[in-house]
Amino acid sequence: MRVLFFLTVIFFSATSFAQSDSSKWLRAFPITDYMVKLNDSTNLVQIQMPDAYSLKEKQLGLIRGVYDKSKEEAVEKGYGRCQLIKGDYYYFAIGHNTSGKELKKGDLLYTLMDKTNIYFGQIPQLASHFIRLQNVYEEPLFDRYSVFSYWTEADEKKVVDSMAADVGFTGKYFIENDPSVDKPINSGDYKGKKTLHVMAECKSADVIKFLDYVIARPRLYAGRDWKISEVFATWLSEGAPTVIKEQGLTYPPIKPPVK
């Protein structure tokens with residue numbers, strides 16, 4: 001029970017824990033399709049890590065499902081320790097799954113990793129949940145592994161500016177080619193404006209506000225690839241909920257993103 005309590009605490013306070021602890025970050029890695037049933041309640045799962053990364057035997061890990069059409073999929077699916085290391089493959093014996101959901105490829109294993117000397121801005125925080133944002137051409141805007149090796153404040157600004165430009169390009173395209181999809185925003189900071197017009201005028205500050213929301217509510221986005229323009233548009237249409245940073249809250253609530 002003490003192990004479960006520890007993992008639950010660090011998971012649900014991932015951002016604050018990462019910022020306050022002097023040596024560790026909580027990070028997520030997807031499990032592969034390799035799974036072996038050890039007994040009625042325990043499964044051996046596998047993650048593959050790049051050469052620059054390493055875990056230790058007996059290291060703790062907690063599994064969470066990934067949002068897929070239903071937020072009920074993004075639930076805790078058990079926890080356990082690393083029992084075997086073979087090259088760049090790490091094997092965890094995962095038990096205590098009381099969710100009623102089976103483990104599956106792409107579920108995220110959360111574990112503590114040593115901090116690196118990078119700028120821990122919004123992008124590394126997204127990557128901590130294995131979130132990757134793409135431009136309208138489905139090209140990744142950052143790498144979920146390498147940001148922990150070199151990321152700087154200049155890198156952060158460049159990517160955020162690129163996101164704003166991509167959202168703006170998408171908004172202008174649909175205004176010119178399919179204006180019928182432009183819908184009014186009925187609540188929040190952009191109330192009274194139309195979705196595509198806000199997108200067309202998107203600034204980096206708008207993207208930062210959106211990313212604050214994603215970081216505060218990562219369960220809707222963790223472990224997936226998302227086009228920034230699509231999830232930004234969904235956020236706007238639902239009232240652009242914003243984070244009250246002192247309390248880690250958002251208002252108003254938002255529906256899961258469209259995928």
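Keep in mind that this is a model prediction, so the values were computed, not measured.

Trainee: I'm lost on the overall build of the chain in this one. Help?
Mentor: In terms of helices and strands, the chain carries eight helices and eleven strands. Across the 259 residues in the chain, those meeting the buried criterion constitute 47%. In the chain, the share of contacts with a sequence separation of at least 24, taken over all contacts with a separation of at least 6, comes to 66%.

Trainee: Which parts of the structure should I look at to understand helix α8 (residues 228-237)?
Mentor: An α-helical segment advances 3.6 residues per turn. Residues three or four places apart therefore align on the same side. Counting buried positions over the ten residues of α8 gives seven, a clear majority of the element. Of all the residues in α8, the buried ones are Ile228, Ser229, Val231, Phe232, Thr234, Trp235 and Leu236. Turning to α8, the residues buried within the fold contact β8 (132-134), α5 (153-177), α6 (195-200), α7 (204-216) and β9 (225-227). A positive phi of about 95° marks glycine 239, the residue just after α8.

Trainee: Would you explain the sheet that holds strand β7 (residues 108-114) in this entry?
Mentor: Pairing between the strands of a sheet comes from backbone hydrogen bonds, and it takes one of two forms, parallel or antiparallel. Across the sheet, which stays open at both edges, the seven strands sit in the order β1-β7-β4-β5-β6-β3-β2 with antiparallel pairing between neighbours. Looking at strand neighbours, the two that pair on one side only are β1 (24-30) and β2 (35-37), the edges of this open sheet. Sheet twist, expressed as the average angle between the axes of neighbouring strands with direction ignored, equals 35°. In this sheet, β7 lies alongside β1 in antiparallel orientation, the contact comprising seven bridges. Paired with phenylalanine 29 across the strands is leucine 109, a residue of β7.

Trainee: Which parts of the structure should I look at to understand α7?
Mentor: Taking 1.5 Å as the rise per residue, α7 with 13 residues should run 18 Å; its terminal C-alpha atoms sit 18 Å apart, in good agreement. Along α7, the residues that are buried comprise Asp206, Val207, Phe210, Leu211, Asp212, Tyr213, Val214 and Ile215.

Trainee: Teacher, can you tell me more about the side chain of glutamine 134 here?
Mentor: Examined against the element boundaries, glutamine 134 turns out to sit in strand β8. Apart from the residues within four sequence positions on either side, glutamine 134 is in contact with Glu139, Pro140, Leu141, Asp225, Trp226, Lys227 and Ile228.

Trainee: I keep staring at the packing of α5 against α7 and nothing clicks. Help me out?
Mentor: At a minimum axis separation of 8 Å, α5 and α7 run at an interaxial angle of 105°. If you check the angle between α5 and α7, you find them roughly perpendicular. Residue-level inspection shows Val160, Asp161, Met163 and Ala164 of α5 in contact with α7, the latter providing Ser204, Val207, Ile208 and Leu211. Counted by class, the contact of α5 with α7 contains six nonpolar, one polar and one charged residues.

Trainee: Whenever I open this one, the pairing of strand β4 (residues 60-64) confuses me. Can you help?
Mentor: Consecutive side chains of a regular strand alternate in pointing toward one face of the sheet and then the other. Along β4, five of the five residues are buried, which leaves the element largely enclosed by surrounding structure. Because side chains alternate across β4, one face comprises the buried residues Leu60, Leu62 and Arg64, and the other comprises Gly61 and Ile63, equally buried. Two strands pair when backbone bridges link them, and β4 and strand β5 (residues 76-86) are joined in this way by four bridges, in the antiparallel orientation. The residue bridging arginine 64 from the neighbouring strand is glutamate 76, located in β5. Pairing between β4 and β7: three bridges, direction antiparallel. Its bridge partner lying in β7, leucine 62 is registered against tyrosine 110.

Rules used in this analysis
- Residues numbered from 1 in each chain as written.
- Predicted model: local features only at pLDDT ≥ 70, side-chain atom pairs only at ≥ 80, totals over all residues.
- Heavy atoms only, no water.
- Helix = DSSP H or I, 4+ residues; strand = E, 2+ residues; numbered from the N terminus.
- Buried < 20%, exposed > 50% of the residue type's maximum accessible area, 1.4 Å probe, protein only.
- Contact = heavy atoms within 4.5 Å.
- Pairing = 2+ DSSP bridges.
- Axes fitted to C-alpha atoms, helices over the stretch in contact; angles between N-to-C directions.
- Expected span 1.5 Å × (residues − 1).
- Parallel < 35°, antiparallel > 145°, perpendicular 65-115°, else oblique.
- Nonpolar A, V, L, I, M, F, W, Y, C, P; charged D, E, K, R; others polar.

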